[in-house]
Amino acid sequence: MRPETARLIAEAEVKAERIVAAVRIFVALALGLVFVLQVLPNLAGASDLLRSRILFAALSLVAYLLLGIVSLRLANSPGYRPWMSWLFAAMDVGFILFTLDRNLSGAHLAANY
């Protein structure tokens, strides 16, 4: 592969990771806004179980926001490597699977439901 081609591919990989990181941040902020506007005002009188689920949801949103921020910072750093996009994609999948598992088990449903 010619050096110009390799450089263009590397630049495209970094740009793609920046876009994906921005999407992660946007999704976390948008869901957080809905959460603040719709869930928190109705928190009064909620049961302890519901409060624990709301806390888990809030922590999940913060964790996903932090994942987006970390991936964006790394994509903008000179130490970024192409394998890092695979790591962040695996973290996305792991994050979703963990959140689904916790929500299903909290509702006393089996994972194969």
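Just above sits the structure.
Throughout this description, residue numbers start from 1 for each chain and increase along the sequence as written. Reporting of local features is limited, given that this is a predicted model, to residues whose pLDDT is at least 70; pairs of side-chain atoms are given and counted only at 80 or more, and all residues count toward the totals for whole chains, interfaces and linings. The side-chain numbers reported here are obtained from all heavy atoms of the structure, hydrogens and water having been left aside.

K.L.:
Would you explain the environment of Glu11 in this entry?
P.N.:
Tracing the backbone shows Glu11 in helix α1 (residues 3–39). Relative accessibility decides the category of a residue: with a 1.4 Å probe and only protein chains considered, values under 20% of the type maximum give buried, values over 50% give exposed, and everything between is partly exposed. The partly exposed category is assigned to Glu11, whose relative accessible area is 43%. Reaching out from Glu11, the side chain makes a polar contact with the side chain of Arg7 at a distance of 2.8 Å. Every helix listed is a DSSP run of H or I at least four residues long, and every strand listed is a run of E at least two residues long, numbered separately from the N terminus. Two N or O atoms form a polar contact when they lie within 3.5 Å of each other; inside protein one atom must be a possible hydrogen donor and the other a possible acceptor, and for residues adjacent in sequence the pair counts only when both atoms belong to side chains.

K.L.:
How should the nonpolar core be read in this particular structure?
P.N.:
Joining through side-chain atoms within 4.5 Å is the link that ties buried Ala, Val, Leu, Ile, Met, Phe, Trp, Tyr and Cys residues into a set, and such a set is a nonpolar core. Within the largest apolar cluster, eight residues are counted, these being Val14, Ala28, Tyr64, Leu67, Ala75, Tyr80, Met84 and Phe88. Every element with two or more residues in this core is listed here: α1, α2 (48–75) and α3 (83–106). Considering every element that reaches this core, the biggest residue donor is α2, with three residues.

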